[in-house]
Amino acid sequence: MTKIIAVTNQKGGVGKTTTAVNLAASLAALDRRVLLVDLDPQGHATMGSGIDKYELDGSVLDLLLGEKTAPAVILDCPAAGYALVPGNGDLTAAEVELLDRQEGRERCLVDALEAVAGEYDVVLIDCPPSLNMLTVNALTAADGVLIPLQCEFYALEGLSALLDTVEQIKDSVNSSLAIYGILRTMFDSRNSLTRDVSKQLRDYFGEALLKTTIPRNVRVAEAPSHGLPVTKYARFSRGSQAHRVLAKELIRRLSL
């Protein structure tokens, strides 16, 4: 059964897109059929998958507006190992149009993915770093959320706001939405603040806090400029190995 996972955090700069791209590649390397949906107008997941966001014949915008079907816009990313619904700055237009709709505006992505969801083991949705109708569509479509989080004070504050949003979505349009895990990114165990925040997360969230941590690693930062996940760009780097461990933890946790 397909698991749809929204990779989301309302705070930017926490490694959300990096997580989505590298987790997609790591799951694919473990023989899972993976679809990555780039729902962020920045289009970074698209570029990080080796696809030029400025040269698209179809994108997630077309899905949301009902102008094309999913099979018509899904691209194969052989170097990365997964399939992609690309996105770019045109998504800003979708945000405006969805807000003007009176009914069903939060279910556009659900409806668009229904035609292909059964073809994949995992669908990962890279969400924008804000709470808007694009994020609401992702949370409505998802079975659960994966929350990348940098271990610092402001990230904790943003996490509280995100959890409130998840509860609102559960109360209104997706009662089965679950927290699949909180992932500590850019992790440096030598930093006392990192250790303190990590302890707070563990004390408060318990099993929801994933055991895997993603370290700061220059290879992870370099990989997108080559249009590759770090697991393909520098497969033996610490960042690559951490994402593989993350994929294995989620496979066990979610029975993927």
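Residues numbered from 1 in each chain as written. Predicted model: local features only at pLDDT ≥ 70, side-chain atom pairs only at ≥ 80, totals over all residues. Heavy atoms only, no water.

The name that an unreviewed UniProt entry assigns to the protein chain is ParA family protein, with the source organism given as Billgrantia campisalis.

What follows concerns the nonpolar core. Grouped together as the largest cluster of nonpolar side chains are 50 residues, with contacts concentrated most on Leu35, Leu64 and Ile125. If one sorts the elements of this core by residue count, helix H7 (residues 133-141) sits on top with 6 residues. Ignoring sequence-local partners within four residues, the contact set of leucine 64 consists of Leu39, Leu91, Ala94, Leu98, Arg101, Cys108, Leu109, Leu134 and Asn137. Leu27, Val34, Leu124 and Leu256 belong to the second largest nonpolar core, which has 31 residues in total. (Core = buried A, V, L, I, M, F, W, Y, C linked by side-chain atoms within 4.5 Å. Buried < 20%, exposed > 50% of the residue type's maximum accessible area, 1.4 Å probe, protein only. Helix = DSSP H or I, 4+ residues; strand = E, 2+ residues; numbered from the N terminus. Contact = heavy atoms within 4.5 Å.)

Another aspect to go through is the side chain of asparagine 9. Take asparagine 9: it is sitting in the loop between strand S1 (3-7) and helix H1 (16-29). In terms of polar contacts, asparagine 9 uses its side chain to reach the backbone amide nitrogen of lysine 11, at 2.9 Å. At a separation of 2.7 Å, a polar atom in the side chain of asparagine 9 contacts the main-chain carbonyl oxygen of proline 148. Once residues within four sequence positions are removed from consideration, asparagine 9 is found in contact with Val14, Lys16, Pro128, Pro129, Ile147, Pro148, Leu149 and Leu162. (Polar contact = N/O pair within 3.5 Å; in protein donor to acceptor, adjacent residues only side chain to side chain.)

This part is about the layout of surface pockets. Estimates place the volume of the largest pocket at around 300 Å³. Lining the largest pocket are 22 residues, and of these Gly15, Lys16, Thr17, Thr18 and His44 lie nearest its centre. Of all the elements in the fold, those that place two or more residues in the lining of the largest pocket are H1 and helix H2 (44-48). With 5 residues, H1 is the largest single contributor of residues to the lining of the largest pocket. Tallied by class, residues from the lining of the largest pocket come to 10 nonpolar, 9 polar and 3 charged. (1 Å grid on protein atoms, 1.4 Å probe; cavity = no way out; pocket = protein on both sides within 12 Å on 5 of 7 lines; lining within 4 Å. Points joined across faces, edges and corners; volume = space filled by probe spheres on them. Nonpolar A, V, L, I, M, F, W, Y, C, P; charged D, E, K, R; others polar.)

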